[in-house]
Amino acid sequence: MIIYNASVDPREAIDIAKHTGVSVHTVHKLIPAYNRLGVAAIETPGRGGRRREYLSFDEEQDFLTPFFERAERGELTTAQQIKQAFEERVGHEVDESTIHRLLERHQWRKLVPRSFHPKANQEEQEHFKQNFPKIVEEAVKTKDPKDQRPVLLMAQDEGCFGRISIPKRSWAPKHVRPLVPRQIVREYTYVYAAVAPKTGEMTSLVLPFANTAMMNIFLEHVSSTFSDYFIVMQTDQAGWHNAKDLVIPKNIRLIHQPAYSPELNPVEHLWEELREKDLPNRAFSSLDAVIDALCHGLQHFEQNPQLIRSMTYFPHFKMAS
């Protein structure tokens, strides 16, 4: 653009610089170079780029391969570990920003790993997911032949909430470090929730304890709320889900997921959302204040079935629908 303007419409360097968005010094430097060298003066790689890289892109990929394999196995990797290995590879120290740029080039992300219980049996979990439609079918066969109500697949779980406040990450402008109250008060309440992942419907109760008596109250509540359906409900293997005193309504059948497998239960996502959106960085003055916050979040869920569906419609529920 500089050479074009100087050739087609010659004028002062300050005017050319203003028109092309460069400095006057650049105009003064480029035009004499073009007069001496011709097109070669402007056919340059320009500024920027990786002209002093320690490794080529392909060599970086080869370097990251062992860490990629570790990530696939679920092993955690820190930038410091990669930095140490990189320095051994190139033979000298590098700044940590070099590692961050390397990881960004290869589209690595820093994520919170998905947790699992060390006692979980992954083969049993996979068997449960693959055979979920058959398990549902067997449960449906137990209903009264005269019962013509449609089947509704649901998942149920309990979440414990209390007055122990833990600081969570939050957005803040540059140079501002937010201050949040923190307290440890061991007062708790429990949310019982059941969701229908396919339709996004849900119902919930806030109850004082997690035991068989409370589970009986909740099952009766679900039975009456969805009285137009025959309900097949996935639960975990908590003691009160198998207790001899548990009263299961006639229109409900329980399916127990494998032990130590909370990741198989869609309702767990509701607890994560509540803790992230309605409870973080707050010090509640009473348990009633905690309950108020929980009710606000639960009402938001019930008014947004599409949100519930997006969080809870797990693949094994889709297979059985």
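Please refer to the structure higher up on the page.
Attention here is on the structure that accompanies the text. (Residues numbered from 1 in each chain as written. Predicted model: local features only at pLDDT ≥ 70, side-chain atom pairs only at ≥ 80, totals over all residues. Heavy atoms only, no water.)

## Overview of the nonpolar core
Put simply, the rule reads: The set of buried Ala, Val, Leu, Ile, Met, Phe, Trp, Tyr and Cys residues whose side-chain atoms join them within 4.5 Å is what this entry labels a nonpolar core. Partly exposed describes any residue whose relative accessible area lies between the buried limit of under 20% and the exposed limit of over 50%, with all areas from a 1.4 Å probe on protein chains only and scaled to the type maximum. The secondary structure listing takes helices from DSSP runs of H or I that are at least 4 residues long and strands from runs of E that are at least 2 residues long, numbered from the N terminus. Contacts between residues were defined by any pair of non-hydrogen atoms, one from each residue, lying within 4.5 Å.
Counting residues in hydrophobic clusters, the biggest one holds 31 residues, and the most contacted among them are Phe161, Met202, Leu270, Trp271 and Phe301. Contributing elements (two or more residues each) for this core: α8 (132-140), β1 (151-162), β2 (188-196), β4 (230-235), α10 (268-277), α11 (287-302) and α12 (305-312). It is α11 that provides the largest number of residues to this core, a total of 5 residues. Beyond its immediate sequence surroundings of up to four residues, Trp271 is in contact with Asp157, Glu158, Gly159, Phe161, Val191 and Ala193.

## A word on the environment of His106
With respect to the helices and strands, His106 occurs in the loop between α6 (96-105) and α7 (122-130). You can call His106 buried: its relative accessible area is 14%. In the structure, His106 is positioned 33 residues away from Arg73 in sequence and 19 Å away in space, judged by C-alpha atoms.

## Focus on the side chain of Glu87
Turning to its location among the elements, Glu87 is positioned in helix α5 (residues 79-90). Judged by its relative accessible area of 17%, Glu87 falls in the buried class. Here Glu87 is in contact with His92, Glu93 and Val94, once residues within four sequence places are set aside.

## Examining α5
Put simply, the test is: Each residue after the first adds 1.5 Å to the expected span of a helix. Taking the helix axis as origin, the arc is that swept by the directions to the C-beta atoms.
Over its 12 residues, α5 extends 16 Å from the first C-alpha to the last, a length consistent with the 16 Å expected when each residue adds 1.5 Å. Within α5 the residues assigned to the buried category are Ile82, Lys83, Phe86 and Glu87. Seen along its axis, α5 keeps its buried residues to an arc of 135°; they face one direction. Contacts from the buried residues of α5 go to α4 (57-72) and α6.

## Some thoughts on the state of the cysteines
Linking two cysteines covalently through their sulfur atoms gives a disulfide. Threshold: Disulfides are defined as pairs of cysteine sulfur atoms found within 2.5 Å of each other.
Summed over all chains, the structure comprises 0 disulfides. Cysteine Cys160 remains unbridged, with the sulfur of Cys295 as its closest cysteine sulfur at 15 Å. In this structure Cys160 comes out as partly exposed when scored by relative accessible area, which is 33%.

## Examining the pattern of salt bridges
To be explicit about the condition: Here, a salt bridge means any Lys or Arg side-chain nitrogen found within 4 Å of an Asp or Glu carboxyl oxygen.
Applying the stated criterion across every chain yields a total of 9 salt bridges. Between Arg11 and Asp9 there is a salt bridge whose closest N-O contact spans 3.2 Å. Under the relative-accessibility criterion, Arg11 is labelled partly exposed at 28%. Here Asp147 ties to Arg149 by a salt bridge, and the two come within 2.9 Å at their closest N and O atoms.

## Section: the pairing of β4
Here is the rule we go by: For two strands to be treated as a pair, DSSP must find no fewer than two bridges joining them.
Burial analysis of β4 places 6 of its 6 residues in the buried class, the great majority of the element. By the alternation rule, side chains of β4 split into Phe230, Val232 and Gln234 and Ile231, Met233 and Thr235, which are all buried. As paired strands, β4 and strand β5 (residues 252-256) are joined by 5 bridges and run parallel to one another. When the bridges of β5 are listed, Gln234 appears paired with Ile255.

## Focus: the environment of Ala210
The residue Ala210 is located in the loop between β3 (201-207) and α9 (212-225) in this model. On the basis of relative accessibility, which here comes to 22%, the residue Ala210 falls in the partly exposed class. Once you skip the residues sitting within four places of it in the chain, Ala210 turns out to touch Tyr190, Tyr192 and Trp240.

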